[in-house]
Amino acid sequence: MELIATLATVFVAFLHFYIMYIEMFLWDTPKGMKIFGLKPDFAKASKVMAANQGLYNGFLAVGLLWGLWLGDGGAHVTIFFLLCVGVAGVYGAITSSKKILFIQGLPAMIALIAVLLAR
């Protein structure tokens, strides 16, 4: 179970690095606009806000990897950051798009369950 917990957590971390990359560098490109369903005017106007949002996703990813790097002593750190991602997924589903729950929230909750079962 520990291997599954680690792999699931790494998946969530790299998913958030990818989200960070899209939000910070691709937001107003055709690919970024397609991924997020944006119109060019909105993408251009919200580019700085999206980059800031991307930075936060990067912090979540680093926090998850930090928890794993700490080993057994980092379980609480990993749990905290997985909960943060899960809450962000729920909030995003309520306020923005239901698909955020499945793209962001569900992987975090699966990883969280795996981490808790591995303890």
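Now for a look at the structure at hand. (Residues numbered from 1 in each chain as written. Predicted model: local features only at pLDDT ≥ 70, side-chain atom pairs only at ≥ 80, totals over all residues. Heavy atoms only, no water.)

Overview of a nonpolar patch on the surface
Turning to step 1, where the next piece is worked out: Judged by side-chain polarity, Val 90, Ile 94, Leu 101, Phe 102, Leu 106 and Ile 110 come together as a nonpolar surface patch covering roughly 580 Å² of accessible area.
Turning to step 2, where the next piece is worked out: The set of elements that each furnish at least two residues to the nonpolar patch consists of helix H5 (75–95) and helix H6 (99–118).
Turning to step 3, where the next piece is worked out: Per-element tally for the nonpolar patch: the top contributor is H6, with four residues. (Patch = residues over 30% accessible without salt bridge, like charges linked within 9 Å, V, L, I, M, F, W, Y side chains within 5 Å. Areas by Shrake-Rupley, 256 points an atom, 1.4 Å probe, with all protein chains shown as cover. Salt bridge = Lys/Arg side-chain N within 4 Å of Asp/Glu carboxyl O. Helix = DSSP H or I, 4+ residues; strand = E, 2+ residues; numbered from the N terminus.)

Details of H6
Turning to step 1, where the next piece is worked out: Taking 1.5 Å per residue, 20 residues should reach 28 Å; H6 reaches 28 Å between its end C-alpha atoms and fits that length.
Turning to step 2, where the next piece is worked out: Where H6 bends most, the angle comes to about 40°, and this point is Gly 105, followed within four residues by the proline Pro 107.
Turning to step 3, where the next piece is worked out: The set of residues buried in H6 consists of Gln 104, Gly 105, Pro 107, Ala 108, Ala 111, Leu 112, Ala 114 and Val 115.
Turning to step 4, where the next piece is worked out: Where the residues of H6 are buried, they touch helix H1 (2–26), helix H4 (47–69) and H5. (Expected span 1.5 Å × (residues − 1). Bend = angle between axes of the 7 residues up to and from the residue. Buried < 20%, exposed > 50% of the residue type's maximum accessible area, 1.4 Å probe, protein only. Contact = heavy atoms within 4.5 Å.)

A closer look at the packing of H1 against H5
Turning to step 1, where the next piece is worked out: Between H1 and H5, whose axes approach to 12 Å, the crossing angle comes to 50°. The orientation of H1 with respect to H5, classified from their angle, is oblique. The way H1 lies across H5 gives a crossing that is left-handed. Contact residues: Thr 9, Val 12 and His 16 in H1; Thr 78, Leu 82 and Val 85 in H5. (Axes fitted to C-alpha atoms, helices over the stretch in contact; angles between N-to-C directions. Parallel < 35°, antiparallel > 145°, perpendicular 65-115°, else oblique. Left-handed = near helix turned anticlockwise from the far one by under 90°.)

With respect to the nonpolar core
Turning to step 1, where the next piece is worked out: One finds Val 12, Leu 64, Phe 81, Leu 82, Val 85, Ala 111 and Val 115 to be the most contacted residues of the largest nonpolar core, which totals 17 residues.
Turning to step 2, where the next piece is worked out: Where this core is concerned, the elements lending two or more residues are H1, H4, H5 and H6.
Turning to step 3, where the next piece is worked out: Look past the residues within four positions of Val 85 in its chain and what remains in contact with it is Val 12, His 16, Leu 60, Leu 64, Gln 104 and Ala 108.
Turning to step 4, where the next piece is worked out: Grouped together as the second largest cluster of nonpolar side chains are five residues, Trp 27, Leu 38, Ala 43 and Ala 50 included. (Core = buried A, V, L, I, M, F, W, Y, C linked by side-chain atoms within 4.5 Å.)

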